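Here's the letter readout for the chains.
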Amino acid sequence: MTNYKVAIIGCGPLGVTNFFDQSLPFTYSFVGATIKTGNQLAALVDVNAEALHSAKKTLEKNSSVVPAFTDWRTMFDQINPDIICVAAGPKVNVEVIPEAIGRKVKGIYCEKPLALSLEANDRLAELEKQNQATKIQVNYARNYETFHKATLDFVKNGGIGNLQTIRTTYNGGVLAVFPHTTALLQKLFDGVKSVSGIYSPITNISTADDPNIDGTIKYYFAPQDRDVNVQVLATGRGKEENNTYIYELEFTGSKGRITILENGFRVRYEEMRLSRIFASSGQTHPYETTHLPLELKADHPREFMIDGMYSLINAIETGKDTDCNLRCALAAEEVAHALALAAAQ
Ligand SMILES: NC(=O)c1ccc[n+]([C@@H]2O[C@H](COP(=O)([O-])OP(=O)(O)OC[C@H]3O[C@@H](n4cnc5c(N)ncnc54)[C@H](O)[C@@H]3O)[C@@H](O)[C@H]2O)c1
């Protein structure tokens, strides 16, 4: 694997500062993903000179001298990076991605959401049609993380029997956060058939223009030639709700139920057995079991962003797709827009 020159655009938590948060049990910054995969941290960019200076100084204390820029165009001219990591928000994504594709940068590792309007998404989709040279990974991180992938494979292969329902929670807003779920579900399903949404009574103080929506998405599940409803529930990101659980996914089938808890760090597995209470009528109920199927035994560390960097580099080197390419991310965000539009009707 080559030692790629990586430039980080946006030096906030996801770009840089989470790297120094000792309490995090996993890599949660592009700087961390760059260094831990043995690549070269070639540039830091931030329009905020103070944030830039502070990130540079802190990295230098850890013995990395990194060129710093307040303007990403200047950085492109002077550094000519192989890979850019963009953690500066959706407004910057829609400017930087076309520029990087135009310059034939080898890889873009970009934070979600890509954009906040369907028009901006359409422009990116048009651009992608012509894009041959640049591989893009959007950080819908569950798509390349080993445990989540194993869970989807287990469900696809009939591990819980006939898939009946999926329940999901997210902590809002629907555009900024929920596409993590729809990006992942794209790996399981074979198309969206319908979407319905209503406004959640749990309001969201931090993204007033991006509401919380509850709803139902009907997907087609080709392995079993059936439609499956996915229930969507916002848990809020207001003051009071700030400490609620965020991502949970519960897959219920005729033979078992898998629940992904604690944002992907814990799994509960239940087997469908003859009901202790209603056995006489032949009902089955889910009962927790210590016999976790081997496929779900994922005690390896959850390293979402490192797995994403490896997936991007693999795509650059083999010509294959990344695990969450631009089309996948755009389609995931489109479903979130559809939920918001359905609620507004
Ligand atoms: N994948 C995930 O799990 C996850 C989690 C949290 C946040 N995010 C996303 O990551 C992104 C960054 O999050 P954050 O918390 O680090 O944000 P932040 O706002 O704290 O930091 C962003 C940084 O980008 C800089 N910036 C803004 N415009 C710029 C420009 N034109 N050029 C260069 N720098 C610019 C800002 O000055 C700031 O320092 C957001 O889009 C957010 O939605 C993803």
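In this text the structure is predicted, and so the values were computed from the model without any measurement.

J.: Help me understand the site of the ligand, please; the structure alone is not making it clear to me.
T.: Near the ligand, the surroundings consist of 23 residues, among which Gly10, Gly12, Leu14, Ala88 and Glu111 are the closest. The residue inventory of the shell around the ligand, partitioned by class, reads 14 nonpolar, six polar and three charged.

J.: Sorry, what's going on with the domain arrangement of the protein chain here?
T.: Where interface size is given, it is often the accessible area lost as the parts come together that is meant. Taken domain by domain, the protein chain consists of domain 1 (5-140 + 304-325) and domain 2 (143-300 + 337-344). Computed over C-alpha atoms, the centres of domain 1 and domain 2 are 29 Å apart. Counting residues at the interface gives 11 residues for domain 1, matched by 10 residues for domain 2. Among the elements that make up the side of domain 1 that touches domain 2, the one with the highest residue count is helix H8 (residues 304-318) (four residues). A class-by-class count of the residues in the side of domain 1 that touches domain 2 yields six nonpolar, two polar and three charged.

J.: Mind showing me how you'd approach H8 here?
T.: Given 3.6 residues per helical turn, the α-helix brings residues three or four places apart onto the same face. For H8, spanning 15 residues, the distance from its first C-alpha to its last is 21 Å, which sits close to the expected 21 Å at 1.5 Å a residue. Along H8, the positions that sit buried rather than exposed are Phe304, Met305, Asp307, Gly308, Met309, Ser311, Leu312, Ile313 and Ile316. Contacts made by the buried residues of H8 are with helix H1 (30-36), strand E5 (107-110), strand E6 (135-138) and helix H6 (146-156). In the stretch just after H8, Gly319 is the one whose phi turns positive, near 85°.

Basis of the calculations
- Residues numbered from 1 in each chain as written.
- Predicted model: local features only at pLDDT ≥ 70, side-chain atom pairs only at ≥ 80, totals over all residues.
- Near = placed C-beta within 6 Å.
- Nonpolar A, V, L, I, M, F, W, Y, C, P; charged D, E, K, R; others polar.
- Domains from an automatic or database assignment.
- Contact = placed C-beta atoms within 7 Å.
- Helix = DSSP H or I, 4+ residues; strand = E, 2+ residues; numbered from the N terminus.
- Expected span 1.5 Å × (residues − 1).
- Buried ≥ 20, exposed ≤ 12 C-beta atoms within 10 Å, placed from the backbone.

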